[in-house]
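Given next are the chains, with one letter for each unit.
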Amino acid sequence: MGDTYDERFAEIKEIVCDILELEEDEVTETSLFKEEHDADSLRAIEILAALEKRFGIVIDQAELARMVHLKGVYEVVSEGAGW
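Residues numbered from 1 in each chain as written. Predicted model: local features only at pLDDT ≥ 70, side-chain atom pairs only at ≥ 80, totals over all residues. Heavy atoms only, no water.

## Observations concerning unusual backbone geometry
So, step 1. Positive phi is not limited to glycine here, since E21 has a value of about 55°.
So, step 2. Structurally, the position occupied by E21 is in the loop between α1 (2-20) and α2 (33-37).
So, step 3. Classification of E21 by relative accessible area gives exposed; the value is 63%.
So, step 4. Residues other than glycine seldom take positive phi values, yet D38 does so here, at roughly 55°.
So, step 5. Along the chain, the position of D38 falls in the loop between α2 and α3 (41-55). (Helix = DSSP H or I, 4+ residues; strand = E, 2+ residues; numbered from the N terminus. Buried < 20%, exposed > 50% of the residue type's maximum accessible area, 1.4 Å probe, protein only.)

Now the structure itself:
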């Protein structure tokens, strides 16, 4: 599962960084989008929509509360995708 996790995680990170207009080395697994990267709720919804489209899943907006950093985003996406 190692490579697959790394590949998926890298892809999620790329999407998030693209939307937040951040360099990938600025974002860690647990750096907080809102507090540390000035992301607003509109960006969070953009991230959610981009992930749904990319992975062909549906994410409940209630899950946004968990999607505060990359680790949380990965967990939500992996549950939605059944990884």
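Now that the structure is up, let's keep going.
## What to know about the packing of aromatic side chains
So, step 1. In total, this model carries 5 aromatic pairs according to the counting rule given.
So, step 2. An angle of 70° between the planes, with centres 4.7 Å apart, marks the rings of Y5 and Y74 as edge-to-face. Taken as a pair, Y5 in helix α1 and Y74 in helix α4 (residues 70-81) lie far apart in primary sequence, 69 residues in all.
So, step 3. According to the relative accessible area criterion, Y74 is buried, its value standing at 7%.
So, step 4. The rings of Y5, F9, F55, Y74 and W83 are connected pair by pair, giving a single aromatic cluster.
So, step 5. Across from the ring centre of F55, 5.0 Å away, lies the NZ or CZ of R54, which sits over that ring. (Phe/Tyr/Trp six-rings, centres within 6.5 Å; stacked < 30°, edge-to-face > 60°. Lys NZ or Arg CZ within 6 Å of the ring centre and 35° of its normal.)

## Some words on the pattern of salt bridges
Opposite charge on two side chains allows them to pair when their charged atoms are near.
So, step 1. Scanning all chains against the criterion turns up 5 salt bridges.
So, step 2. Taking the shortest distance from any N to any O, the salt bridge between R54 and E11 comes out at 2.1 Å. Separated by 43 residues along the polypeptide, R54 in helix α3 and E11 in helix α1 bring together distant segments of the chain.
So, step 3. Salt-bridge contacts for K71 lead to E75; the nearest nitrogen and oxygen are separated by 3.3 Å. Here K71 pairs with E75, and both are found in helix α4, just 4 residues apart, close to one helical turn.
So, step 4. For K71, a relative accessible area of 36% puts it in the partly exposed group.
So, step 5. In the salt-bridge network here, residues are joined through shared partners; they are E63, R66 and E79. (Salt bridge = Lys/Arg side-chain N within 4 Å of Asp/Glu carboxyl O.)

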